[in-house]
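# A look at the structure
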Amino acid sequence: MNRRELLLSAAAFTSVVRAGRLYAAPVQRRLLIVFMRGAYDAANVVLPAANEFYYRARPNIAVPRPGTGDNAALLLDEDWAIHPALKDSILPLYAKKQAAFVPFAGTDDTSRSHFETQDSIELGQDINGSRDFRSGFMSRLASVLQDRVWPISFTSQLPLIFRGPAVIPNMSLNTGAKPGIDSRQAALIASMYSQTDLAPAVSEGFQVEDEVYKSIAVEMQQASRGATSAKGFELEARRIARLMREKYNLGFVDVGGWDTHVNQGGASGYLANRLSELGKGLAGFADEMGPDWKNTVVVAISEFGRTFRENGNRGTDHGHGSVYWVLGGNIRGGRLAGDQVRVVEETLFQNRDFAVLNEYRAVLGGLFAQLYGLEGDSLDKVFPGAKPKDIGIV
C-alpha cells in the first residue's frame, strides 16, 4: 500500500466515527430501519388470502390457500395470511404480538423507478418540493435527538438516508474478513494526521474497525469449536444486534435482491428463499438482542410494491403500495395496522397496484413521536410538511 492509498484509507475511516469518544448508548430505545432494496412483492408475503381476486390475478405464482397443505399460506386474521417461508421466523413473533404489518404503505412518488423512489424515501422530503441530497431523514432524526442517540449505518458506504452535516459511522458486517489495513499501517496513517484536526477522527475510526473485527473473530473461533454458525443475513443481523445492544441505538441496513420480474415463484422458489433468509435474520436479531429486545423496534420497508397481477414471465413488475413490517419486544403487534381497503379490481391503484393509504413519512413520523416523544417543530425537521399518523403500534 503506497502513501496515497494510505491517505485515502484514512480519509475513508473518518466517515466511521463521531466526534468525541465512544460511549454506551445513552437511551434505552433502539431503532433499526431495514430497507429491502429492489421492491419486494408484498402481495405474496402478506397476502389477501380470503380474496378470490388474488388467485385469479396470480394463476402461476399465488401462494396456496391456507389449510391446503404444508406449503400453504398461514392465516394472520380472517382476511390476510403470511407466506409459509416465514412460518418459523416472523410468524412466532406475530403470535407473541411482537410483529405487525402495515399494508398499503409507501410513498406518493409514482415514478416506479427504483432509484428515484429509493431516493425519495431516504430523503424524506416533500416530493413536490426541491430535493436536498445532502439531507437524509435519519440524519435529521439523529440531529433532532442529538446526544440521545448513537447512530450507525451497517453498510459499506454511507447511504443517502444518513447523509447530513453530522459524521455518521458506517461499516458493513456481512463479511468475516480481516480489515484491509493492519496495525502497522494504521499507526503510520495515524502519525500522518497526528498534528491535524482529523487526528481524533482517524484514531477513533481505527478503534471502531478493530472492535468490530475482534467481535466477529470471537464468533468465528466459537464456530470452529463446533458451535452452529449462522449463514447469510442471519449472521449479519446477529452481529448488528450485538453492536446495537452494546453501543448504538439508531441503525440502518439494506438487503437487496427483491426485483422479481421473472420466475419469482410462489410458495417456493426465488422469492421464498429470499424471505426465508430475511425472516431468519430478523428473528436472529430479536434473539440476539436478549432482554433489550423489549426496548427495540425494527421497521422493514421497501421503495414500492409490485403489480398485483403476475406478468407473462411468472413474475411481477414495478408497482406502488407495499407492506411495511414493524417488529419489537414491546409493540402492540399481532395485527394488521393502518388504513386498509378490500383488495378488488376497483380499489387497485391505476388498475394494477396496491394503493398507498399509509404514507410512509406520516407512519414513521407517528412512530418517532411515540418512541422519542417528538412533536411539532421537532417532527417537522425530520419530515418537513408531513402530518404524523399514529397507527397504534408503539
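Quick caveat, the model's predicted, so the values are computed rather than measured.

Another aspect to go through is the overall build of the protein chain. When you go through the protein chain residue by residue, the secondary structure sums to 11 helices and 11 strands. Every one of the 394 residues in the protein chain was classed for burial, and the buried ones make up 55%. If you take every contact in the protein chain between residues at least 6 apart in sequence, the share linking residues at least 24 apart comes to 74%.

What follows concerns the packing of helix α5 (residues 137-145) against helix α10 (residues 360-372). α10 packs onto α5 with a crossing angle of 25° between their chain directions and a minimal axis gap of 13 Å. Of the possible angle classes, the one that applies to α5 and α10 is roughly parallel. The element α5 and its partner α10 pack so that their crossing is right-handed. Here F137, L141 and L145 of α5 lie close against α10, whose contacting residues are L364, F368 and Y372. Looking at the contact of α5 with α10 residue by residue, the class counts come to 6 nonpolar, no polar and no charged.

With that settled, the discussion passes to the packing of helix α8 (residues 232-246) against helix α9 (residues 270-289). At a closest axis distance of 8 Å, the pairing of α8 and α9 adopts a crossing angle of 25°. Of the possible angle classes, the one that applies to α8 and α9 is roughly parallel. For the element pair α8 and α9, the recorded crossing hand is right-handed. On the side of α8, the interface is formed by F233, E234, A237, R238, I240, A241, R242, M244 and R245, while α9 contributes E277, L278, K280, G281, L282, G284, F285, D287, E288 and M289. Residues that form the contact of α8 with α9 fall into these classes: 9 nonpolar, 2 polar and 8 charged.

Opposite charge on two side chains permits pairing when their charged atoms draw close. Across all of its chains, the model carries 20 salt bridges by this definition. As a salt-bridge pair, R37 and E122 come within 3.0 Å of each other at their nearest N and O atoms. Here E122 lies in helix α4 (residues 114-123) and R37 lies in the loop between β1 (30-36) and β2 (46-47), a separation of 85 residues in the sequence. Of the residues examined, R37 reaches a relative accessible area of 16% and is grouped as buried. Where R134 meets D132, a salt bridge forms, and the shortest distance between an N and an O atom there is 3.0 Å. With a relative accessible area of 64%, R134 lands in the exposed category. For D132, a relative accessible area of 28% gives the class partly exposed. One network of salt bridges, with partners in common, ties together E234, R238, R242, R245, E246, D287 and E288.

Here Q118 takes part through its side chain, which lies 2.8 Å from a polar atom of the side chain of R37. A distance of 2.8 Å separates polar atoms of two side chains, one belonging to R37 and the other to D254. Ignoring anything within four residues of it in the chain, the contact list for R37 reads Q118, E122, P159, F252, D254, V255, G256, G257, W258 and E303.

Thresholds, definitions, all that
- Residues numbered from 1 in each chain as written.
- Predicted model: local features only at pLDDT ≥ 70, side-chain atom pairs only at ≥ 80, totals over all residues.
- Heavy atoms only, no water.
- Helix = DSSP H or I, 4+ residues; strand = E, 2+ residues; numbered from the N terminus.
- Buried < 20%, exposed > 50% of the residue type's maximum accessible area, 1.4 Å probe, protein only.
- Contact = heavy atoms within 4.5 Å.
- Axes fitted to C-alpha atoms, helices over the stretch in contact; angles between N-to-C directions.
- Parallel < 35°, antiparallel > 145°, perpendicular 65-115°, else oblique.
- Left-handed = near helix turned anticlockwise from the far one by under 90°.
- Nonpolar A, V, L, I, M, F, W, Y, C, P; charged D, E, K, R; others polar.
- Salt bridge = Lys/Arg side-chain N within 4 Å of Asp/Glu carboxyl O.
- Polar contact = N/O pair within 3.5 Å; in protein donor to acceptor, adjacent residues only side chain to side chain.

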